[in-house]
Amino acid sequence: MGETRTLEPASGPFQAGVRAPGDKSLSHRALVLAALADGESEIVGLAPGRDVAATLTALERLGLRRNGDRFVPIASPNDPNAPIDCGNSGTTMRLLSGGLASLPFRLTLVGDESLSARPMARLVDPLAALGVDVTLSVNGTAPITTGAAELHGADVAIDVASAQVRSAFEFAAIQADGPSTIDGPGGFRDHTERWLAAFELAESEGTRTRITPGPVPGAQYLLPGDPSSAAYVWASAALVPGARVVTPDVSLNPGRLGFLGILEAMGAEVHGEVTGSIHGDPIGTVSVLGAHLRSVEVSGDTVASAIDELPLVAVLGAYAEGITVVRDAAELRVKESDRTQSTATMIRALGGGAEATDDGFEVLGTGFLSGGTVNAEGDHRIAMSAAVAATAAQGAVTIVGSSVAGVSWPSFYETLEAVWSSR
């Protein structure tokens, strides 16, 4: 992941249509459900990045079989007799900790240096309530050992708005011997709840979801574009008055729309239209028109629905008028990097003013960034945000460790530069 890439600023307003890569969150979930299903599934539009590849490889080692877009579920699980490598993907590790809980053997999940430092302890109590003996390192991090559980129904409440913790619980709960419920703070992306409801395995009221165990049907998953990826081209358009980007067929799950609300609050013109759905989860087209931006304060539930895009908020804030503040985002400290620090460092490296706080950051809106060199620190969100910062910078932006963007969007830089040249 040590490559270096330099991007020159865009040469003026651009007009582009962009098809975002397949949704990463939905890709992980479709693969887990296909592995647990009682028949073949079809998955079209899998996300192309390394994170989803980690989930696919893990499940294939256990017996999932793929033939193009067709997936044959795990029938008689293969005991790999060795740890399963989740790479850099926290989603892989968390979802599999619950999804694989009923395997007839114990299984250890490991990851790279970054993933091995991220907290996993929040999984333990919800899964333990179902009968899963989850073991972690003494620091509450990976390796995670799961499996060989006799699953029973349970009612739990969690204190964080974590779709991954909820999904790990729900994937285990559909394999239990009785119904379960889970509740917790709002603001999470509810993909799993919607899909399980479509399969008559779940019912939600507000933030509370009841799981009714049963077989997962083989299903067709026509995956939409990823709004967390599309956010980078939306932000790029927002930085240039008169620039426009249109993204068709992206997920419009309510828990994924926080960044679009932030763009609107900052003065960009945003239009969204629902054009369909996948198993009850809305899909549609989004267009963003650039404008002169103003500062914004981001906190509360908006943080949960825009957590992946907060480094982009810092980039927009640097070009805006006023001081942009993000708070209630302590979760940023335990991502692929400490994103409160790495985000502020990125802005300062490009000639802007920013400071990390205990639970977020503050960015001074000078109206410009001069360009410079940013170290991605192994974090794809930092690398991609720095590339967006180049859109309207006064000079080139060089990204050290640029290839980490392949975690989510392998062709990201080429796509972004093609957008800038579209008229």
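Here the structure is a predicted model, which is why all the values come from computation and not from measurement.

What counts, and where the lines are drawn
- Residues numbered from 1 in each chain as written.
- Predicted model: local features only at pLDDT ≥ 70, side-chain atom pairs only at ≥ 80, totals over all residues.
- Heavy atoms only, no water.
- Helix = DSSP H or I, 4+ residues; strand = E, 2+ residues; numbered from the N terminus.
- Rg over C-alpha atoms; globule rule 2.2 N^0.38 Å.
- Buried < 20%, exposed > 50% of the residue type's maximum accessible area, 1.4 Å probe, protein only.
- Contact = heavy atoms within 4.5 Å.
- Areas by Shrake-Rupley, 256 points an atom, 1.4 Å probe, with all protein chains shown as cover.
- Lys, Arg positive; Asp, Glu negative; His and termini not counted.
- Charge placed at Lys NZ, Arg CZ, Asp CG, Glu CD.
- Salt bridge = Lys/Arg side-chain N within 4 Å of Asp/Glu carboxyl O.
- Phe/Tyr/Trp six-rings, centres within 6.5 Å; stacked < 30°, edge-to-face > 60°.
- Axes fitted to C-alpha atoms, helices over the stretch in contact; angles between N-to-C directions.
- Parallel < 35°, antiparallel > 145°, perpendicular 65-115°, else oblique.
- Left-handed = near helix turned anticlockwise from the far one by under 90°.
- Nonpolar A, V, L, I, M, F, W, Y, C, P; charged D, E, K, R; others polar.
- Pairing = 2+ DSSP bridges.
- Core = buried A, V, L, I, M, F, W, Y, C linked by side-chain atoms within 4.5 Å.
- Expected span 1.5 Å × (residues − 1).
- Polar contact = N/O pair within 3.5 Å; in protein donor to acceptor, adjacent residues only side chain to side chain.

(A) Structural view of the overall build of the chain. Across its full length, the chain holds 13 helices and 22 strands. At 21 Å, the chain has a C-alpha radius of gyration in line with the 22 Å of a compact globule built from 423 residues. Taking the principal axes of the C-alpha coordinates as reference, the chain spans close to 60 × 45 × 40 Å. For the chain, the residues scored as buried account for 57% of the 423 residues in total. In the chain, the proportion of contacts linking residues at least 24 apart, taken out of those at least 6 apart, comes to 76%. For the chain, the accessible area works out to roughly 15000 Å², and carbon and sulfur atoms hold 48% of it. Across the chain, the centroid of the 28 positively charged side chains sits 3 Å from that of the 49 negatively charged ones.

(B) Molecular detail of the pattern of salt bridges. Summed over the entire model, instances satisfying the criterion amount to 17 salt bridges. Residues Arg 166 and Glu 193 are paired through a salt bridge, measuring 2.9 Å at the closest nitrogen-oxygen approach. Placement of Arg 166 in helix H5 (residues 163–173) and of Glu 193 in helix H6 (residues 191–198) is noted, with a sequence separation of 27 residues between them. A residue is classified by how much of its surface remains accessible, and Glu 193, at 5% relative accessible area, is buried.

(C) Layout of the packing of aromatic side chains. In total, this model carries five aromatic pairs according to the counting rule given. Here Tyr 232 and Phe 412 contribute two aromatic rings whose centre-to-centre distance is 5.7 Å and whose plane-to-plane angle is 70 degrees, an arrangement assigned as edge-to-face. Here Phe 412 lies in helix H13 (residues 412–420) and Tyr 232 lies in helix H7 (residues 227–238), a separation of 180 residues in the sequence. Residue classification places Phe 412 among the buried residues on the basis of a relative accessible area of 1%. Ring geometry for Trp 409 against Phe 412: centres 5.5 Å apart, planes inclined by 55 degrees, an arrangement best described as tilted.

(D) The packing of helix H1 (residues 24–36) against H6, seen in detail. Contact geometry for H1 and H6: axes closest at 10 Å, N-to-C directions at 40 degrees. Comparing the axis directions of H1 and H6 gives the class oblique. Crossing geometry of H1 relative to H6 is assigned as right-handed. Residues Ser 25, Leu 26, Arg 29, Ala 30 and Leu 33 of H1 form the contact with H6, whose own contacting residues are His 191, Thr 192, Trp 195 and Leu 196. Residues of the contact of H1 with H6, tallied by class, amount to five nonpolar, three polar and one charged.

(E) Up close: the sheet that holds strand E8 (residues 144–147). An order of E6-E7-E8 is seen for the three strands of this open sheet, with the pairing classed as mixed. Where the open sheet ends on each side, the last strands, each with one partner, are strand E6 (84–85) and E8. Where strand E7 (residues 106–110) meets E8, four bridges bridge the pair, whose relative direction is antiparallel. In the sheet register, Arg 106 faces E8, and the bridge partner there is Gly 147.

(F) Representation of the pairing of strand E15 (residues 269–278) in the model. Where E15 and strand E16 (residues 281–289) come together, nine bridges link them in antiparallel fashion. When the bridges of E16 are listed, Ile 278 appears paired with Asp 281.

(G) A look at the sheet that holds E16. Spatially, four strands are ordered E2-E14-E16-E15 in an open sheet, and the strand pairing comes out mixed. The outermost strands of the open sheet, each flanked by one partner alone, are strand E2 (15–17) and E15. Going from strand to strand, the sheet's axes swing by 15 degrees on average, the running direction of each strand aside. Across the sheet, H7 is in contact with strand E14 (244–251) and E16; its angle to E14 comes to roughly 165 degrees.

(H) Molecular detail of the nonpolar core. Residues Trp 234, Phe 259, Leu 263, Val 288 and Leu 310 are the most contacted members of the largest nonpolar core, which totals 77 residues. The next biggest cluster of nonpolar side chains, apart from the first, holds 65 residues, and it includes Leu 103, Val 134, Ile 144 and Ala 168.

(I) Quick peek at helix H2 (residues 50–62). A rise of 1.5 Å per residue sets the reference length of H2, with its 13 residues, at 18 Å; its end C-alpha atoms lie 19 Å apart and thus fit the reference within 8%. Within H2, burial applies to Asp 51, Val 52, Ala 54, Thr 55, Leu 56, Ala 58, Leu 59 and Leu 62. Looking at the buried positions of H2, the neighbouring elements they touch are H1, strand E4 (65–67), strand E5 (70–72), E6, helix H3 (90–99) and E7. The positive-phi residue at the C-terminal boundary of H2 is Gly 63, with phi of around 130 degrees.

(J) Inspection of the side chain of Asp 190 at higher detail. Locating Asp 190 in the fold gives a position in the loop between strand E10 (180–183) and H6. For Asp 190, the side chain forms a polar contact with the side chain of Arg 194, separated by 2.9 Å. Among all residues touching Asp 190, those that are not within four sequence positions of it are Asn 253 and Pro 254.

(K) Geometry of the environment of Thr 192. Here Thr 192 lies in helix H6. Classification of Thr 192 as buried rests on a relative accessible area of 3%. For the pair Thr 192 and Thr 366, spaced 174 residues apart in the sequence, the C-alpha separation amounts to 41 Å. Not counting the four nearest positions on each side in its chain, Thr 192 is found in contact with Arg 29, Ser 167, Glu 170 and Phe 171.

(L) Looking closely at unusual backbone geometry. Note that the residue after Ala 142, namely Pro 143, is joined by a cis bond; omega there is 5 degrees. Counting through the fold element by element, Pro 143 comes out in the loop between helix H4 (124–129) and E8. Phi is positive for Asn 81, which is not a glycine, with a value near 55 degrees. Mapped onto the secondary structure, Asn 81 falls in the loop between E5 and E6. Backbone geometry places Glu 377, a non-glycine residue, at a positive phi of 55 degrees. Its place among the elements puts Glu 377 in the loop between strand E21 (372–375) and helix H12 (380–389). By relative accessible area, which is 41% here, Glu 377 ends up partly exposed.

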